[in-house]
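As a plain string of letters, each chain reads:
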Amino acid sequence: MARPYSPGPKQFVFAVGDGDDQQVSVGDAQEAYLAFSAFFRVRESDTYTIRDEPARQSLVLMPRLGVISRSKDADRPRSEYLQVDRVNRYLPSAMLFFENGYAGLDRFGQWFADLADLDASPETRGAARAATITTEAAAIGEVARIWADSGCVDPSDQYYVFFDSHDVDDDRAERAALLQLIEFLGLERVDAPAGAAGGEVWVRTDPRLAAECARWS
């Protein structure tokens, strides 16, 4: 049986592949995040690796490729890859790893078992992710996650705004997944008002969505 990921004082290794690894001992996830943020900002590299060696888990950030990789070497070794649409998602991914290891990133985005799968267009990747979600509860949860990552409620409290102030070229995979899930759930999408950013998606409030989004607020 795989050893459960446990909180508490932990040791991590930060590496960029030059042999000058940094080992840290921290009391909690926030302390680990602050240490790694400093490491990330002063080192320039194609890859940044965080290793939790006792748990046999790791996270690899690859900014120049726009990719994040996570791996665990338990009873069934596994590696997965995620395409990153925005630079500001790298450090949040590290925080989730510090909080709960490999499993902490389950809902961070669409993971693929093969790096080559990331060559598909963002729209194809987003649609493929949405197609794997087959229950109303899971779909509502995914829509709420997307909203919590980049959305807001309009001042009238009548609409949820997704990808607030984002351009149409941002978040293409997430948008494709969202649009498919909106249709699956029967949510009412409305035209964005004049002056809204081109990438925004406006959806009329729905009790199912309201309850789930409140959990993410």
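It should be noted that the structure appears before, not after, this text.
Small disclaimer: the values here were computed from a predicted structure and weren't measured.

## Focus: helix α5 (residues 172–185)
Count 3.6 residues to each turn of an α-helix, and residues three or four apart come out pointing the same way. With 14 residues, α5 should cover 20 Å at 1.5 Å per step; its first-to-last C-alpha distance of 20 Å lies within 8% of that length. The complete set of buried residues in α5 reads Ala173, Glu174, Arg175, Ala176, Ala177, Leu178, Leu181, Ile182 and Leu185. Note on α5: the residue one or two positions beyond its end, glycine 186, has a positive phi of about 75°.

## So, the sheet that holds strand β8 (residues 159–162)
Sheets are built from strands paired through backbone hydrogen bonds, the pairs being either parallel or antiparallel. Across the sheet, four strands lie side by side as β7-β8-β10-β9; this open sheet has antiparallel pairing. With one partner strand each, in any of the chains shown, β7 (152–153) and β9 (189–190) form the two edges of the open sheet. Relative to β8, β7 is paired through two bridges, and the arrangement is antiparallel. Bridge pairing in β8 links cysteine 152 to valine 161. Contacting β7 and β8, helix α4 (residues 136–150) runs over the sheet at an angle of about 70° to β8. The sheet contacts of α5 involve β8, β9 and β10 (201–204), and relative to β10 the element is tilted by about 20°.

## A closer look at the pattern of salt bridges
Applying the stated rule across the entire model yields 20 salt bridges. Between glutamate 142 and arginine 129 there is a salt bridge, with its nearest N and O atoms 2.7 Å apart. Here the residue glutamate 142 occupies a position in helix α4, and arginine 129 occupies one in helix α3 (residues 122–131), the gap between them amounting to 13 residues. Its relative accessible area of 4% is what places glutamate 142 among the buried residues.

## Observations concerning the packing of helix α1 (residues 29–42) against helix α2 (residues 90–100)
The description of two packed helices rests on the angle between their axes and on the distance between the axes. Viewed as axis vectors pointing N to C, α1 and α2 meet at an angle of 145°, and their least axial separation amounts to 9 Å. Where α1 crosses over α2, the two elements pack in a sense that is right-handed. For the pair formed by α1 and α2, the contact residues are Ala29, Gln30, Ala32, Tyr33, Phe36, Ser37, Phe40 and Arg41 on the first element and Tyr90, Leu91, Ala94, Met95, Phe98 and Glu99 on the second. Class assignment for the residues of the contact of α1 with α2 results in ten nonpolar, two polar and two charged.

Conventions used here
- Along each chain, residue indices are assigned from 1 in the same order as the chain's sequence is written.
- In view of the model being predicted, local features appear only for residues whose pLDDT reaches at least 70, and side-chain atom pairs are presented and counted only at 80 or more, with totals across whole chains, interfaces and linings using the full set of residues.
- Values shown for side chains rest on all heavy atoms present in the structure; no hydrogens or waters enter the calculation.
- A run of DSSP states H or I qualifies as a helix once it reaches four residues; a run of E qualifies as a strand once it reaches two. Both are numbered from the N-terminal end.
- Working rule for helices: expected span equals 1.5 Å times residues minus one.
- Buried, partly exposed and exposed residues are distinguished by accessible area as a fraction of the type maximum, computed with a 1.4 Å probe on protein chains only: under 20%, between the cut-offs, and over 50%, respectively.
- Here, a strand pair is defined by DSSP locating no fewer than two bridges between the strands.
- Contacts are assigned to residue pairs with any non-hydrogen atoms lying within 4.5 Å of each other.
- Throughout, an axis means a line fitted to C-alpha atoms (over the contacting stretch in the case of helices), and angles, computed between N-to-C directions, take values from 0 to 180 degrees.
- The working definition used for a salt bridge is a side-chain nitrogen of Lys or Arg within 4 Å of a carboxyl oxygen of Asp or Glu.
- With the far helix as reference, a near helix turned anticlockwise by less than a right angle produces a left-handed crossing, and one turned clockwise produces a right-handed crossing.
- Residues are sorted three ways: Asp, Glu, Lys and Arg are charged, Ala, Val, Leu, Ile, Met, Phe, Trp, Tyr, Cys and Pro are nonpolar, and all the rest, Gly among them, are polar.

Keep in mind that these numbers describe shape and distance, not what the molecule does.
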